[in-house]
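# Observations on chain architecture
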There are 2 protein chains.
Amino acid sequence: MTHPSTESPAALRRLDPEDAQLALTRVQEVLHRHEVIENLVHRQAEGGDRADLVENLLQRQHEAELQGFVNSLHPADIAFILESLPKTERQMIWRLVSAAFDADVLLEVSDWVRESLLEAMNRQDIMAATSEMDADELADLAPDLPPDIVTEVQKGLTVEERARLIEAMGYPDDSVGGIMDFEMVRVREDVSLEVVHRYLRRLPELPDHTDQIFVVDRQDKLLGTLSLSALLVNEPEIEVRDVMGTDYLSLSPLDTDSDAANAFERYDLISAPVVDGIGRLIGRVTIGEVVDVIREDSDEQALSRAGMQEEDIFAPVAMALRNRAPWLMLNLCTASIASFVASRFEDTVSTIVMLAFLMSIVAGIGGNSGNQTMTLIIRALAVGRVTGQNLWALIKRELLVTFLVGLMGSIVAAGFSWGISRSLPIALVMMAAMIANMLVGACVGVLVPMTRARFGKDPALGSSVLLTFATDSLGFLIFLGLATIFLI
Amino acid sequence: MTHPSTESPAALRRLDPEDAQLALTRVQEVLHRHEVIENLVHRQAEGGDRADLVENLLQRQHEAELQGFVNSLHPADIAFILESLPKTERQMIWRLVSAAFDADVLLEVSDWVRESLLEAMNRQDIMAATSEMDADELADLAPDLPPDIVTEVQKGLTVEERARLIEAMGYPDDSVGGIMDFEMVRVREDVSLEVVHRYLRRLPELPDHTDQIFVVDRQDKLLGTLSLSALLVNEPEIEVRDVMGTDYLSLSPLDTDSDAANAFERYDLISAPVVDGIGRLIGRVTIGEVVDVIREDSDEQALSRAGMQEEDIFAPVAMALRNRAPWLMLNLCTASIASFVASRFEDTVSTIVMLAFLMSIVAGIGGNSGNQTMTLIIRALAVGRVTGQNLWALIKRELLVTFLVGLMGSIVAAGFSWGISRSLPIALVMMAAMIANMLVGACVGVLVPMTRARFGKDPALGSSVLLTFATDSLGFLIFLGLATIFLI
């Protein structure tokens, strides 16, 4: 891969795919070297003026090296490096980043990194960085900024931009309104393509991700879209209305960003207009934002399966504690309840101690099997494949698959049980309990995410706690219950 | 959201966001109605000619209704509906889809659905559908086609297209070569923009997702890219070389598709050129393919965490068995080993039966906590944030976070243990074992995915089996070991 940089070198460069990672390693090495020498100097001449002097010189040399290097990178790569460093080193590198990149980098980084960057900036730097942002970018940043700076920045905006800023700040983060921008090219339907060409030539450049121009009337109502392809392949004297498309996807600012992402993915879009209730064009969504939504949704899903929210490997420890503790406590409670259920069978277990070692196998395999079912269902729900009509077919299929896998597995498990207990009845109870608990897992795996989705909750979050709770408690209950009935 | 359809209605339509799902429900309803009436007629007059006649009429009526409806949808929506139906109904609907959509739908659907669609087509239909495909589309489809049809289709291609087909088929599925297409517009650097405009006007349309035109020399070496923005905002008499960009991202056909996806995401790209070892332009990758890669990678990751590969809720049962059984058997084996480890402490457990009910809590919480760590590390590895330099800082951070959460959790667990056993020593052993096992989970959660990544294996796959194995076996060992030492 050859990576774009902000300079314009004369020749094409051919770099390694792990470019940004190499850059990160290089920054870390310089930081490390600096730290080692600093410690050395300090140890040799504690507190002396000479040590300070040497340190100062060294620091300046390292800083110059880092500064030159960091500022040769793409702002997205600078953001990546800042995200990958612990807080003090991050702020040190941030101070070296040229002010010209401040705005871009601030918009690229994750929320929790942005906080620590803003902390390290003074008022003037922040004002300078925000003054070049568009209304939609300001709206994204505003919650992290000191209120008085937001007020100050607003004063510098035109009336139109201020109205946009207020509008953009009014939409939820996960709505189309939250990801739309206002950089649109509008034309009228009764002009010729030649006029459009002349109009575009007056612009310094087209907005990013422009693949279509919006055709509106005097009230700003959207009439159609003129793709750049249509603009370029048709003769200049043709009128816009004759080549504009009138059959396109448009979004409402209150649609969810995930719905928009699904639509972009399915119809292979690059941009889509956002219109209000009466059909007026108020913004557009581009694939750049949509790709971020898709990636964030997928990250969120992976984290929420483990009971976490947005957290990074270098997020502050206090944040990590708040993030992880609730989930583990919840799991601890459900595990305690399951173990309390099992302890009701104390007499049975003290008669046949081997049961104590087998019961966790029954519970575990039920959870694993249920988790497979649940993963499939959550994915099918996410793409809208599950309807009222096929629910029953779905449950039947999952129960059948689970029963067949369970049958195979339970033979192995029965063999193992016989091996450690030398008792055929125990092996048979093991077999029955394992199949039964796997079926419990399949039912919970289908029904819990479906129920949560029906009531509008995120199907992934919390489902796995419920699943483990059910397969643990019922696994112990079924296994020890059957053992009490048939073996005691 | 307003959805695009294949017809061109005069006015804009405003539809619901869950459009495709509504269409699916409607198809299912007609199918269901048809089935109900069919059963009714059969029951009333078994085997009679009249019943056949009525059924025939009804069938034709339902088919006509479905046909009109299905063919009014976007090919991507037709693919979605086909994927959401069981096999027989899927093939019935497929027969109603107009031949004009065959190629698009075949290219949209998942592999396992495609098989069942091709089954339901005769030779001529397949030939007709494939004859309009581009070389890169054919290459995607070829593995599913009967070999004699591939040979036949090749005969219909131009020499250039045949060479491309063979080239495209040579790259692995998950490489840039596997997702690139050949629909590029090329220009020379020494012509004016006016000439480029005239050249484009001779094309019927620009290739999908064209945001830049490639500037090449006579040997097809890539010299730069001309963005449509630069083409449109600059004066026609300017030469291409004066406005072309020479600092862009280019890919090699052997880069992985995930690397390409990361680059598209970070640099907000719409298309990127693919060049060979000596700098010749051989293809391009577009955001349309990249979005599919991102979605597939995220799906794959979710499935592989549950020990599955690509499977859908309507995939054949035999496929589901092959897919799920190995993982469950593996888990069964590790659970059996863990339970074997625990059974070595039979004497301890038969002396204090309560230990049997507490040991699964220790094992479970270690697994849950380790899973949080592992999820974070896998994500950080995927974006390349983990380097040799920060590994140690990472381990320290995870151990600290885990220790602090463990301390809180173990107080709760000790309380519960005291509650069911009324023994302070047991509560203290519980506390120590739980913290220790959570630290085991944290170490395994960091080291296993890192080690797998270093040896080039997918860090997600298999990591969770190893994690559960470690936290189960060591959890039992630590807890029962401590109990044997201090309580017996």
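For chain A, an unreviewed UniProt entry supplies the name Magnesium transporter MgtE and the organism Jezberella montanilacus. We quote the UniProt Subunit (unreviewed entry) comment for chain A here in full: "Homodimer." The heading Function (unreviewed entry) in the UniProt record of chain A holds the text "Acts as a magnesium transporter."

### Focus on the overall build of chain A
When helices and strands are counted, chain A shows 22 helices and 5 strands. When the 488 residues of chain A are sorted by exposure, 54% land in the buried category. Within chain A, counting contacts between residues at least 6 apart in sequence, those at least 24 apart form 66% of the total. Looking at chain A as shown, the accessible area adds up to about 21,000 Å², and 55% of this sits on carbon and sulfur atoms.

### Re the packing of aromatic side chains
Under the definition given, this model contains 0 aromatic pairs over all chains. The ring of A:Trp418 has A:Arg422 sitting right over it, with the charged end atom 4.7 Å from the ring centre.

### Notes on the UniProt feature "transmembrane region" (unreviewed entry) in chain A
All names here are of chain A. Under the UniProt annotation, "transmembrane region" (unreviewed entry) lies at residues 351-369, 399-420, 426-448 and 460-487. The span residues 351-369 is 89% helical and 0% strand by assignment, and the distance between its end C-alpha atoms comes to 30 Å. The distance separating the terminal C-alpha atoms of residues 426-448 is 32 Å; by composition the span is 100% helix and 0% strand.

### Concerning the pattern of salt bridges
Under the defined criterion, the tally for this structure stands at 32 salt bridges over all chains. We note a salt bridge from A:Glu265 to B:Arg295, for which the minimum N-O separation is 2.7 Å. Highlighted residues: A:Glu265 in helix H15 (residues 257-267) and B:Arg295 in helix H16 (residues 287-305), drawn from two different chains. For B:Glu239, the salt bridge identified is with B:Arg241, shortest N-O distance 3.3 Å. Several salt bridges converge on common partners, so that one network encompasses A:Arg123, A:Asp148 and A:Glu152.

### Considering the interface of chain A and chain B
Facing 145 residues of chain A, the contacting portion of chain B comprises 145 residues. Where chain A abuts chain B, roughly 12,900 Å² becomes buried across the two surfaces, and 63% of that area is made up of carbon and sulfur atoms. Taken as a group, A:Ile313, A:Gln372 and A:Arg385 account for 7% of the area that chain A buries against chain B, more than any other trio of residues on that side. Counting every contact that joins chain A to chain B gives 8 salt bridges. Across the salt bridge formed by A:Arg379 and B:Asp299, the nearest N and O atoms sit 3.2 Å from each other. Viewed at the interface, chain B and chain A are joined by 22 residue pairs in polar contact (both at pLDDT 80 or more). Ranked by residues supplied to the side of chain A that touches chain B, first place goes to helix H19 (residues 354-382) of chain A with 17 residues. Considered class by class, the residues forming the side of chain A that touches chain B number 77 nonpolar, 38 polar and 30 charged.

### Some thoughts on the sheet that holds strand E3 (residues 222-227) of chain A
All names here are of chain A. Strands sit in the order E1-E2-E3 across an open sheet of 3 strands; the sheet is mixed. Two strands lie at the open edges of the sheet, namely strand E1 (186-187) and E3, each paired on one side alone. As paired elements, strand E2 (residues 212-216) and E3 share 5 bridges and run antiparallel to each other. Across the sheet, Gln-212 pairs through a bridge with Ser-227, a residue of E3.

### Description of the packing of H19(A) against H16(B)
Contact pair H19(A) / H16(B): the axes reach a minimum separation of 9 Å and the direction vectors enclose 155 degrees. One finds that H19(A) runs roughly antiparallel with respect to H16(B). Once H19(A) is placed against H16(B), the crossing between them reads as right-handed. From H19(A), A:Thr375, A:Leu376 and A:Arg379 reach across to H16(B), where they touch B:Asp299, B:Ala302 and B:Leu303. For the contact of H19(A) with H16(B), the per-class residue count stands at 3 nonpolar, 1 polar and 2 charged.

### A word on the pairing of strand E4 (residues 271-275) of chain A
Residue and element names in this part refer to chain A. Taking burial as the measure, the 5 residues of E4 include 5 buried ones, the bulk of the element. Covered by surrounding structure in E4 are Ser-271, Pro-273 and Val-275 together with Ala-272 and Val-274, the residues of both alternating faces. Bridge count between E4 and strand E5 (residues 281-286): 5 bridges; the pairing is antiparallel. What sits directly across from Val-274, in E5, is Gly-283. Taking the residues between adjacent antiparallel strands as the criterion, E4 and E5 are bridged by 5 residues, where Gly-279 takes a positive phi near 85 degrees.

### Focus: a nonpolar patch on the surface
Among the surface-exposed residues, A:Trp418, A:Leu424 and A:Leu428 lie close enough to one another that they form a single nonpolar patch of about 320 Å² accessible area. Here A:Leu428 lies in helix H21 (residues 424-454).

### Examining the relation of the copies chain A and chain B
When chain A is fitted to chain B, the best match, at an RMSD of 0.1 Å, comes from turning it 180 degrees and sliding it 0.0 Å along the axis. Interpreted geometrically, this transformation is the action of a two-fold axis. When the interface residues of chain A are mapped onto chain B, 99% of them are again interface residues, pointing to one common binding face.

### Examining the side chain of B:Arg284
Residues and elements named next belong to chain B. Mapped onto the elements, Arg-284 comes out in strand E5 (residues 281-286). Within the local environment of Arg-284, its side chain forms a polar contact with the backbone oxygen of Asp-208, the two atoms lying 2.7 Å apart. Polar side-chain contacts of Arg-284 include one of 3.3 Å to the backbone oxygen of His-209. Apart from residues lying up to four places away in sequence, Arg-284 is in contact with Met-180, Asp-181, Glu-183, Met-184, Pro-207, Asp-208, His-209, Thr-210, Phe-214, Ala-272, Pro-273 and Val-274.

### A few points about H21(A)
Residue and element names in this part refer to chain A. Here H21 contains 31 residues, and its C-alpha end-to-end distance of 45 Å stays within 8% of the 45 Å for a straight helix at 1.5 Å per residue. The N-cap of H21, judged by a side-chain oxygen 3.1 Å from the amide nitrogen of Ile-426 a few residues on, is Ser-423. Gly-456, located one to two residues past H21, shows a positive phi value of around 75 degrees.

### Considering the sheet that holds strand E3 (residues 222-227) of chain B
Pairing is mixed across the open sheet formed by 3 strands, whose spatial order is E1-E2-E3 (chain B). Single-partner strands in this sheet number two, and they are strand E1 (186-187) and E3 of chain B.

### Considerations on the confidence of the model for chain A
Counting all residues, the mean pLDDT for chain A is 85, and 90% of those residues have values of 70 or more. Note that pLDDT drops below 50 for residues 2-17 of chain A; the model gives that stretch 52 contacts with residues more than four away or on any other chain.

### Quick notes on the packing of H19(A) against helix H20 (residues 391-421) of chain A
All names here are of chain A. Where H19 meets H20, the axes come as close as 11 Å, and the angle between the chain directions of the two elements is 155 degrees. One element, H19, and the other, H20, form an angle in the roughly antiparallel class. Taken as a pair, H19 and H20 cross one another with a handedness that is right-handed. Of the residues in H20, those in contact with Met-354, Leu-358, Ile-361, Ser-369, Thr-373, Leu-376 and Ile-377 of H19 are Leu-394, Arg-397, Glu-398, Thr-402, Phe-416, Ser-417, Ile-420 and Ser-421. Its residues assigned to classes, the contact of H19 with H20 comprises 8 nonpolar, 5 polar and 2 charged.

### Some points on helix H3 (residues 75-83) of chain A
Helical periodicity: at 3.6 residues per turn, an α-helix aligns residues three or four positions apart in one direction. Taken across its 9 residues, H3(A) has 9 buried, putting it largely inside the fold. For H3(A), the set of buried residues is A:Pro75, A:Ala76, A:Asp77, A:Ile78, A:Ala79, A:Phe80, A:Ile81, A:Leu82 and A:Glu83.

Cut-off values and rules
Residues numbered from 1 in each chain as written. Chains lettered and ligands numbered in written order. Predicted model: local features only at pLDDT ≥ 70, side-chain atom pairs only at ≥ 80, totals over all residues. Heavy atoms only, no water. UniProt positions renumbered as here; feature names shortened; annotations may be inferred. Helix = DSSP H or I, 4+ residues; strand = E, 2+ residues; numbered from the N terminus. Buried < 20%, exposed > 50% of the residue type's maximum accessible area, 1.4 Å probe, protein only. Contact = heavy atoms within 4.5 Å. Areas by Shrake-Rupley, 256 points an atom, 1.4 Å probe, with all protein chains shown as cover. Phe/Tyr/Trp six-rings, centres within 6.5 Å; stacked < 30°, edge-to-face > 60°. Lys NZ or Arg CZ within 6 Å of the ring centre and 35° of its normal. Salt bridge = Lys/Arg side-chain N within 4 Å of Asp/Glu carboxyl O. Buried area = accessible area lost by both parts, 1.4 Å probe. Polar contact = N/O pair within 3.5 Å; in protein donor to acceptor, adjacent residues only side chain to side chain. Nonpolar A, V, L, I, M, F, W, Y, C, P; charged D, E, K, R; others polar. Pairing = 2+ DSSP bridges. Axes fitted to C-alpha atoms, helices over the stretch in contact; angles between N-to-C directions. Parallel < 35°, antiparallel > 145°, perpendicular 65-115°, else oblique. Left-handed = near helix turned anticlockwise from the far one by under 90°. Patch = residues over 30% accessible without salt bridge, like charges linked within 9 Å, V, L, I, M, F, W, Y side chains within 5 Å. Least-squares fit on C-alpha atoms with pLDDT ≥ 70 in both. Expected span 1.5 Å × (residues − 1). pLDDT = per-residue confidence, 0-100.

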